[in-house]
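Listed below, chain by chain, are the residues.
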Amino acid sequence: MTAPLAKSSLTPDQQLRFGLIGYGYWGPLLLRNLARQDNSSVALLADVTEPRLAEAQRNNPGLRVTSRVDDMFEESDIDAIVIATPLSTHFELAQQALLSGKHVLVEKPLTDSSAQARELIALAERQGRILMVGHTYEYSPEVERLRQIVQNGDLGKIFYINSSRLNLGIFRKDADVIWDLAPHDVSMINFVLDKRPVAVSARGSTCVHKDLIDVAYIDLRYPGGDEAHVHVSWLNPNKERRFTIVGDRRMAVYDDTAGNEKIKIFDRGVDRPNYSTTFGEFQLSYRYGEIVIPFVAGAEPLAVECQHFAQAVRSGQKPRSHGEVGLNVVKALEAAHESIDKGGVYIPISW
Ligand SMILES: NC(=O)c1ccc[n+]([C@@H]2O[C@H](COP(=O)([O-])OP(=O)(O)OC[C@H]3O[C@@H](n4cnc5c(N)ncnc54)[C@H](O)[C@@H]3O)[C@@H](O)[C@H]2O)c1
């Protein structure tokens, strides 16, 4: 068993008291899932927008709320703080939470710079507190299954992964489509391959606002020659969440918008006989084998993520999406922006 990372101040029968900062789009979902954790409660909700607090109280009678965010850090009986506010506020809020001795779960992406992500990781270590990032898809049963399939070698050598996350909106003011949507794709690819990228190239368009990238294509290179391609867009007529893994033995498609059959494994591929020596003789044989739809027991990824955070706080064990995992994604997205500024060249990432 790995040694506990953080000092746990809770005995197993003690109530875990959460604080939540941010009750916009994502905060209500976190509140619902945090409130459901065993032997836990949401002790305080903070948001700087009064109407959001009024809405929270209407939906959750008895919930304590505040528009003074410092209350959250000053309350000594809050053990862990969950941050669901705009990206530009993540660093400062997480820093204050750690300095006040709280464990922290920050929504994705961890920060908007790798320097700040590193600072939070070091601070959490010094404080002996858990730092986790809300890479929700890493807690999805389907993504876990894809990781197993890839790590078992069921697909053979991975040629490439393609991930598309497209929709009409929702446009954000504080973050472009890369910071908003691509954290999901990059965290999924890193998790499934169990690697982090060594170089990133990207192109982006600013269709609606001249200063805000709303469509982007990101190419990632991984150690061992694996490649991944990410397409994110706020300007697509319909919703698409498709993750395709192409190996030299089989191919897998994960469609997050499909009902019960989200993963399909295709026994398909192209074989190139090794006796061809000239183009005239060059013959490819196409395999159209069976399609397998594995049974994956459903679970709400956010519920699993909140449960994982609660367990990490109680046990002091490093969570799956710990600070460095968050940093890996931030570094890739930072490199994507640098590449766009430099006309799409590959930006090497040093680790
Ligand atoms: N994991 C996921 O799948 C997922 C999905 C959606 C959003 N998110 C993340 O959650 C975070 C919030 O996104 P959202 O869509 O809910 O945003 P939002 O703009 O809808 O809500 C943000 C809320 O934070 C409040 N706020 C802003 N600054 C604050 C501050 N300094 N202190 C306290 N409250 C403050 C705002 O009043 C608002 O109510 C983002 O980091 C986003 O990337 C994650």
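Heads up: the structure comes first, above all this text.
All values derive from a computational prediction rather than experimental measurement.

A. Examining helix H6 (residues 141–151) more closely. Turning to H6, its buried residues number three or more, namely Pro141, Glu142, Val143, Leu146, Ile149 and Val150. Just beyond H6, the residue with positive phi is glycine 153, at close to 85°.

B. Just the pattern of salt bridges, in detail. Under the defined criterion, the tally for this structure stands at 21 salt bridges. For the salt bridge of lysine 157 with aspartate 226, the shortest nitrogen-to-oxygen distance reads 3.9 Å. Separated by 69 residues along the polypeptide, lysine 157 in the loop between H6 and strand E7 (158–168) and aspartate 226 in the loop between strand E9 (215–221) and strand E10 (227–233) bring together distant segments of the chain. Looking at aspartate 226, the relative accessible area reads 7%, which means it is buried. Note that arginine 203 is salt-bridged to aspartate 219, the shortest N-O span being 3.3 Å.

C. Examining the site of the ligand more closely. Around the ligand, a shell composed of 22 residues is seen, among which Trp26, Asp47, Thr49, Thr136 and Arg172 lie nearest. Between an oxygen atom of the ligand and a main-chain N or O atom of tyrosine 25, the distance comes to 2.9 Å. With respect to the ligand, the backbone of threonine 85 contributes an N or O atom lying 3.3 Å from an oxygen atom. In isolation the ligand has 850 Å² of accessible area, and contact with the protein removes 82% of it. Of the residues contributing to the shell around the ligand, the split by class is eight nonpolar, nine polar and five charged.

Quick notes on the rules
- Residues numbered from 1 in each chain as written.
- Predicted model: local features only at pLDDT ≥ 70, side-chain atom pairs only at ≥ 80, totals over all residues.
- Heavy atoms only, no water.
- Buried < 20%, exposed > 50% of the residue type's maximum accessible area, 1.4 Å probe, protein only.
- Helix = DSSP H or I, 4+ residues; strand = E, 2+ residues; numbered from the N terminus.
- Salt bridge = Lys/Arg side-chain N within 4 Å of Asp/Glu carboxyl O.
- Near = heavy atom within 4 Å.
- Polar contact = N/O pair within 3.5 Å; in protein donor to acceptor, adjacent residues only side chain to side chain.
- Areas by Shrake-Rupley, 256 points an atom, 1.4 Å probe, with all protein chains shown as cover.
- Nonpolar A, V, L, I, M, F, W, Y, C, P; charged D, E, K, R; others polar.

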